[in-house]
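Next come the chains, spelled out residue by residue.
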Amino acid sequence: MSDRWRSLLEKICIPVGALLAALVIFGLFCGLAGANPLGVYYSISRAAFGSWSSFQNTLIQASPLMLSALCTALPARLGLVIIGNEGALVLGGLAAVAGGLTLGGWGLPTPGVQLGMAFAGMAAGGIWIAIVGALRHYRAVNETISSLLMNYIAIALLNHMVNGPMKDPSSLNKPSSYPLPEMHMLGNLPGSRVHYGLVLGLVACGLAYFLIQRTTFGFAARTAGGNVRAARVAGLPVGKLTLAICFLGGACAGLAGMVEVAAVHGRANESLNANYGYGGVLVAFIARHNPIAASLVALLLGGILASGGILQRSHGLPDATVMVFQGIVFLSVLYSDSLYGRLPIFKERGVQPSPPVAVATPV
Amino acid sequence: MASEALGWWGVPLAIIAGTLRGSAPFLLVSLGECLTEKSGKINLGLEGTLLMGAMSAYAVSYLTGSPWLGVIVAGVAGMFLGLIHGWLAQQPRVNDVAVGIAMIIFGSGLAFFLGKPFIQPSAPQLPTLSLAGWTQIPQLESALSISPLFILGVAIAPLMQWFFRSSRWGLLIRAVGDSPDAAKAMGISIFKVRMASIVAGSFLAGIGGASLSLFYPGSWSERISSGQGLMAVALVIFARWNPVQCLYASLLFGGAQAIGPALQSVGIDAYYYLFNASPYILTLLIMVITCSPKRTLTGAPGSLGQAQE
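Residues numbered from 1 in each chain as written. Chains lettered and ligands numbered in written order. Predicted model: local features only at pLDDT ≥ 70, side-chain atom pairs only at ≥ 80, totals over all residues. Heavy atoms only, no water.

Draft legend 1. Spatial organisation of the overall build of chain A. A tally of regular secondary structure across chain A gives 14 helices and zero strands. Reading the secondary structure of chain A in the N-to-C direction produces α-α-α-α-α-α-α-α-α-α-α-α-α-α. The C-alpha atoms of chain A give 23 Å as radius of gyration, which agrees with the globular expectation for 363 residues (21 Å, within 12%). Taking the principal axes of the C-alpha coordinates as reference, chain A spans close to 90 × 55 × 35 Å. Within the span of chain A, comprising 363 residues, buried residues form 52% of the whole. The contacts in chain A between residues at least 6 apart in sequence include a share of 76% that link residues at least 24 apart. (Helix = DSSP H or I, 4+ residues; strand = E, 2+ residues; numbered from the N terminus. Rg over C-alpha atoms; globule rule 2.2 N^0.38 Å. Buried < 20%, exposed > 50% of the residue type's maximum accessible area, 1.4 Å probe, protein only. Contact = heavy atoms within 4.5 Å.)

Below, the structure is given as structure tokens:
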């Protein structure tokens, strides 16, 4: 087995092993809570991937996760830990509704309105996270803490707008904005209930991978992420890179918000704040910030999220069970990071470290 | 509403009352985080610890009828989460910030999971200490009844200052946090010192949670903390890793938190949600003002945020 294959095998086996370990720990947890672990596994797999109908639910859950994961994965290449996905998503959704209602009011045709909504969502999310990047670069404010604080501010803004300036007076129980007209909503893929957000998510993940791995911009970002000082010496514009990559990441999360309002909710309200942001953080970390891997992990996590309802109904487990599971998976995957290069199976064989050659020092 | 009788004077009074009531969680969590960060590790997961503490305190108080037992159990629950964080965050190549995010999800998930049955029932609350024997005005009386946990925090702050400055153990923690290599050369176990600091810090954060559910707001729900644990972590940076300044900063944050409800009580509710966001905005502003890319912050532990070898 060549070293290349061995290293690839290590990169696949360790995360998969971490997921399996998390499943076992979660099973023990469910057992302690009085549910049959095997029954729980069975329910999750059936609800996630059991039939075409349930797999469609998984796909619907996975699309916003793919987009919002990029909000963590892209800045991570620059060495930034940004978890403002929830805030960017919420504001993206809010801006998309505002844009859609305005453009629709002007009588634009549907493609124009949808394009406008996408751009409004991406701009709002992008600027929101670019602020985090600017604070990091110009004021050295810890980006993790500032992005998390900005989540709360964004949710407050959402509540303010749907309870005040943008409120539809007929939405009494759950204050909401005016609904988007049916004709401007994002449609479904032919022959399914899955909306076009899935396509947007897959395309965004593919583009992000290309951007990071195959372009000069991506190379510059990865260099700066490896060593900021070296990047500065090499003349890379670290500030501009930070702002640009934060904007792109935020734009993806904002697009996730647009997809949620334009394909699922049809209006902006509290339902936007549905933890897709934190799910996206988890996806990005499990995928080790690789956009292609993120699209696959999003499918997996989407399946788990889709099974939340059935765990509640058939096993009597509270809805927070899914959150506990996410936490266990996250912790287990983080621990697995420390195993790279430590497991004997994946060690390079036959390569002995050459002993230092004694050289006679000329006196 | 009580403040109606006092008119506009109700606003500053309500803010002062809210400060005294609401700053205990900030204080206890920030003291815990201060202790943790002095040893060179960050624990962002204290948000989850706070929720876990709030839930377990409420549940134990409801089940046994003893709020003080609830406070102890809250601290122990915090220590349990601290053990996980302390062990995981010290593995090679594992980033303590990432572990913190995971612990927020895990801790709050666990708290919501176990706390589901306790959302409805009402549990016995902690007794209050009244400082208002001299006044007859009911608003003042209610404003000046103080949580015993707040008093505890106020007492711990100077004690912790003394601990860092003058005690052998405090010196050990500072040595590990400022220069792990030198500490290692002295034969100190970095792992044990950091583990002890993280676990003790999590104990304080758990008690902070008890103050949420057993004093103010005095109930258990999934929205009880809403980021207070996280703000407390940011507050430690603002307080320059100094326990006594953590006390002042906590009072400021408790006050900011009281602005929204205080204005609502006199009928200003147009910007209710935005005023409720003021603690977050204040935290952000303070971080923007106090941080600088040109110098490291005075008081910052030397090895904070650096990768483990």
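Okay, back to it.
Draft legend 2. Representation of the overall build of chain B within the structure. Scanning chain B from N- to C-terminus turns up 13 helices and two strands. Its C-alpha radius of gyration of 20 Å places chain B within 12% of the 19 Å reference for a compact globule of 309 residues. With respect to the three principal axes, the spread of C-alpha positions in chain B is 65 × 45 × 35 Å. Pairs at least 24 apart in sequence give 77% of the contacts found in chain B among residues at least 6 apart. Taking the average place of the 15 positive charges on the side chains of chain B and the average place of its 11 negative ones, the gap between the two points comes to 11 Å. (Lys, Arg positive; Asp, Glu negative; His and termini not counted. Charge placed at Lys NZ, Arg CZ, Asp CG, Glu CD.)

Draft legend 3. The arrangement of the side chain of Ser177(A) in detail. Among the secondary structure elements, Ser177(A) is positioned in the loop between helix H6 (143-163) and helix H7 (197-214). Every residue in contact with Ser177(A), bar those within four places of it in the chain, is listed here: Val97(A), Val162(A), Met166(A), Asp168(A), Arg267(A) and Ala268(A).

Draft legend 4. Representation of the packing of aromatic side chains. All names here are of chain A. A full pass over the atoms with the stated rule returns eleven aromatic pairs over all chains. Centroid distance Phe49 to Phe55: 6.0 Å. Interplanar angle 45°. Geometry classified as tilted. For Phe55, a relative accessible area of 24% corresponds to the partly exposed category. Taking 5.3 Å as the distance between ring centres and 45° as the angle between the ring planes, the aromatic pair formed by Phe285 and Phe330 counts as tilted. (Phe/Tyr/Trp six-rings, centres within 6.5 Å; stacked < 30°, edge-to-face > 60°.)

Draft legend 5. View of unusual backbone geometry. Residue and element names in this part refer to chain B. Cis geometry marks the peptide bond from Tyr216 to Pro217, where omega comes out at 5°. Mapping Pro217 onto the fold places it in the loop between helix H9 (190-214) and helix H10 (228-238). Look at Arg93: it is not a glycine, yet its phi comes out positive at around 65°. Assignment of secondary structure puts Arg93 in the loop between helix H3 (67-88) and helix H4 (96-115). The exposure class assigned to Arg93 is exposed, which follows from its relative accessible area of 52%. Notably, Arg240 is not glycine yet its phi reads approximately 55°, a positive angle. A residue is classified by how much of its surface remains accessible, and Arg240, at 23% relative accessible area, is partly exposed.

Draft legend 6. Geometry of the interface of chain B and chain A. Taken residue by residue, the interface counts 48 residues in chain B and 47 residues in chain A. Interface of chain B and chain A: buried area, both sides summed, is about 3,900 Å²; carbon and sulfur atoms make up 80% of it. Sorting the residues of chain B by area buried against chain A places Ile105(B), Phe113(B) and Tyr273(B) first, and these three jointly supply 18% of that buried surface. Our count for the contact surface shared by chain B and chain A stands at one salt bridge. At the boundary of chain B and chain A, one finds seven residue pairs in polar contact (both at pLDDT 80 or more). Counting residues per element, the side of chain B that touches chain A draws most heavily on H4(B), at 14 residues. (Buried area = accessible area lost by both parts, 1.4 Å probe. Salt bridge = Lys/Arg side-chain N within 4 Å of Asp/Glu carboxyl O. Polar contact = N/O pair within 3.5 Å; in protein donor to acceptor, adjacent residues only side chain to side chain.)

Draft legend 7. Local environment of the packing of H6(A) against helix H13 (residues 278-290) of chain B. Viewed as axis vectors pointing N to C, H6(A) and H13(B) meet at an angle of 150°, and their least axial separation amounts to 9 Å. In this view, H6(A) runs roughly antiparallel relative to H13(B), as classed from their interaxial angle. Here the hand of the crossing between H6(A) and H13(B) comes out left-handed. Residues Ile145(A), Ser146(A), Leu149(A), Met150(A), Tyr152(A) and Ile153(A) of H6(A) form the contact with H13(B), whose participating residues are Tyr280(B), Ile281(B), Thr283(B), Leu284(B) and Met287(B). Counted by class, the contact of H6(A) with H13(B) contains nine nonpolar, two polar and no charged residues. (Axes fitted to C-alpha atoms, helices over the stretch in contact; angles between N-to-C directions. Parallel < 35°, antiparallel > 145°, perpendicular 65-115°, else oblique. Left-handed = near helix turned anticlockwise from the far one by under 90°. Nonpolar A, V, L, I, M, F, W, Y, C, P; charged D, E, K, R; others polar.)

Draft legend 8. Main features of a nonpolar patch on the surface. A cluster of nonpolar side chains, contributed by Trp5(A), Leu8(A), Ile12(A), Val16(A) and Leu20(A), occupies part of the molecular surface with about 510 Å² of accessible area. Position of Trp5(A) relative to the elements: it lies in helix H1 (residues 3-32). (Patch = residues over 30% accessible without salt bridge, like charges linked within 9 Å, V, L, I, M, F, W, Y side chains within 5 Å. Areas by Shrake-Rupley, 256 points an atom, 1.4 Å probe, with all protein chains shown as cover.)

Draft legend 9. Quick look at the packing of helix H1 (residues 10-38) of chain B against helix H11 (residues 243-265) of chain B. Residues and elements named next belong to chain B. H11 packs onto H1 with a crossing angle of 140° between their chain directions and a minimal axis gap of 5 Å. Taken together, the axis directions place H1 and H11 in an arrangement best described as oblique. In the crossing of H1 with H11, the sense of the turn from one axis to the other is right-handed. Classifying every residue of the contact of H1 with H11 gives 16 nonpolar, nine polar and no charged.

Draft legend 10. View of the environment of Asn57(A). Residues and elements named next belong to chain A. Tracing the backbone through its elements, the reader meets Asn57 in helix H3 (residues 52-76). The class of Asn57 is partly exposed, set by a relative accessible area of 31%. The spacing of Asn57 and Asn142 is 85 residues in sequence and 37 Å in space, taken between C-alpha atoms. Contacts of Asn57, omitting those with residues within four sequence positions, involve Arg193 and Ala306.

Draft legend 11. Structural view of the state of the cysteines. Residue and element names in this part refer to chain B. Throughout the structure, instances matching the rule amount to zero disulfides over all chains. With no disulfide of its own, Cys34 lies 4.5 Å from the sulfur of Cys246, the closest cysteine sulfur. You can call Cys34 buried: its relative accessible area is 0%. (Disulfide = S-S within 2.5 Å.)

These figures capture arrangement, not role.
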